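# Reading the structure
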Amino acid sequence: TLKINYLEHPQQDIVKLHAVVHFPNLHFSSTTVDFGCVQNCTETKKTVTITNCSPLPLSYRWAFLEDQNQTQIR
């Protein structure tokens, strides 16, 4: 309930409020990805399923960032 009082006026209004808060939320089938040892000139693949478990429509993008010391995923 929101009560509204007016400066120098006797009227008081009451407004009933209701709110629902949703946060974008993703569920990952695995929290770690370990490629182990990968030989030069070969490739390996791992599958991670990402599920939107919130009622919000989501759109994410991932990119590899080159750092001076290491490569990170944003």
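Refer to the structure printed above.
Rules of the game
- Residues numbered from 1 in each chain as written.
- Predicted model: local features only at pLDDT ≥ 70, side-chain atom pairs only at ≥ 80, totals over all residues.
- Heavy atoms only, no water.
- Helix = DSSP H or I, 4+ residues; strand = E, 2+ residues; numbered from the N terminus.
- Buried < 20%, exposed > 50% of the residue type's maximum accessible area, 1.4 Å probe, protein only.
- Contact = heavy atoms within 4.5 Å.
- Areas by Shrake-Rupley, 256 points an atom, 1.4 Å probe, with all protein chains shown as cover.
- Patch = residues over 30% accessible without salt bridge, like charges linked within 9 Å, V, L, I, M, F, W, Y side chains within 5 Å.
- Salt bridge = Lys/Arg side-chain N within 4 Å of Asp/Glu carboxyl O.
- Pairing = 2+ DSSP bridges.

### Topic: the overall build of the protein chain
The helix and strand inventory of the protein chain stands at zero helices and six strands. The secondary structure elements of the protein chain, listed N-terminal to C-terminal, are β-β-β-β-β-β. In the protein chain, which comprises 74 residues, the share counted as buried stands at 1%. When contacts within the protein chain are restricted to residue pairs at least 6 apart in sequence, those whose partners lie at least 24 apart make up 33%. When the accessible surface of the protein chain is totalled, it reaches about 7600 Å², and 51% of it is carbon and sulfur.

### What about unusual backbone geometry?
Despite not being glycine, Glu8 shows a phi value in the positive range, around 60 degrees. Summarising the element assignment, Glu8 is placed in the loop between β1 (2-5) and β2 (12-15). Here Cys41, not a glycine, exhibits a phi torsion of approximately 65 degrees, which is positive.

### A look at a nonpolar patch on the surface
A contiguous nonpolar surface patch, about 400 Å² in accessible area, is contributed by Phe28, Ile50, Tyr60 and Trp62. Secondary-structure assignment places Phe28 in strand β3 (residues 26-28). The class for Phe28 is partly exposed, based on a relative accessible area of 35%.

### A look at the pairing of β1
Note: β1 against β2, four bridges, orientation antiparallel. Note that in β2 the partner of Leu2 across the bridge is Val15. Where β1 hands over to β2, the hairpin turn is made up of six residues, of which Glu8 adopts a positive phi near 60 degrees.

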